[in-house]
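# Breakdown of the fold
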Amino acid sequence: MAEMIIESPDEVVAFLKAQHNLIEDMFDEVLHASNPEAREEPFVKLRQLLAVHETAEEMIVHPRVRRETDSGDDIVDARLKEEHEAKELLAQIEKLDITSQEFVGELTKLREAVLDHAAHEESEEFPVLQRNLDTDDLERMGSAVRAAEAIAPTRPHPGVESAKLNFALGPFASMLDRARDLIGHALG
């Protein structure tokens, strides 16, 4: 079973690429579960990783890409639009019966959108960082991304895609999400 905590490189681009690979594996784990009820636990882990991963990118990576290149605004605005759409779809998927074919179909759509989004980040955003930052800066960003993930919300929050909104609303949303996660886990 895929685990959310992975041994990862210090440098931000390598760290995020490793998470992209883990996310792909986690989608496959949910979609290929041995039975419909077995989807729940890996889906919760996937949802949590998607939420913290995107929040960290919105807080740390996107603002830096905006500053590092003249085309940064266009690159980041396109990624934020994709992230918003994915959060909306994920929020809708959370409401579905996990044992239904509708869940499988919608999760398959989300998988394709997320993998497409990751490919865009890897081909458009990450090269900007690698061209313009030295190893020390990339490692500092890696530390910042891990810190942001540690305090990020664990559920999708469509409409909260900017660094400012994540800094302002993220801690409150994170506290509520983590409480919901604990209560849900305790209730089974």
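Just so it is clear, the structure is predicted and the values come from calculations on it, not from any experiment.

Quick look at the nonpolar core now. Core analysis: the biggest nonpolar cluster contains 22 residues, and Phe27, Phe43, Leu50, Leu107 and Leu110 have the highest contact counts within it. Within the residue set of this core, elements represented by two or more residues are helix 1 (12-31), helix 2 (40-68), helix 3 (72-94) and helix 4 (101-132). When residues in this core are grouped by element, the largest group, six residues, is from helix 1. Look past the residues within four positions of Leu110 in its chain and what remains in contact with it is Phe27, Leu50, Ala86, Leu89, Leu90 and Ile93.

Our next topic: the packing of aromatic side chains. Going through the model one piece at a time under the given rule, you end up with one aromatic pair. Centre to centre, the rings of Phe43 and Phe103 are 5.2 Å apart; their planes meet at 80 degrees, and the pair counts as edge-to-face. You can see Phe43 sitting in helix 2 and its partner Phe103 sitting in helix 4, a full 60 residues away along the chain. Phe103 shares its class with Phe43; the two are buried. Its guanidinium or amino end placed over the ring of Phe15, Arg146 lies 4.9 Å from that ring's centre, counting from NZ or CZ.

Before going further, it helps to spend a moment on the confidence of the model for the chain. Of the residues in the chain, 78% have a pLDDT of 70 or more, and the chain-wide mean is 85. When pLDDT is averaged over each element of the chain, helix 4 comes out on top at 97 and helix 6 (residues 163-187) at the bottom at 52. Below pLDDT 50 for its whole length, residues 1-6 participates in 16 contacts with residues either more than four positions away or in separate chains.

Procedures and definitions
Residues numbered from 1 in each chain as written. Predicted model: local features only at pLDDT ≥ 70, side-chain atom pairs only at ≥ 80, totals over all residues. Heavy atoms only, no water. Core = buried A, V, L, I, M, F, W, Y, C linked by side-chain atoms within 4.5 Å. Buried < 20%, exposed > 50% of the residue type's maximum accessible area, 1.4 Å probe, protein only. Helix = DSSP H or I, 4+ residues; strand = E, 2+ residues; numbered from the N terminus. Contact = heavy atoms within 4.5 Å. Phe/Tyr/Trp six-rings, centres within 6.5 Å; stacked < 30°, edge-to-face > 60°. Lys NZ or Arg CZ within 6 Å of the ring centre and 35° of its normal. pLDDT = per-residue confidence, 0-100.

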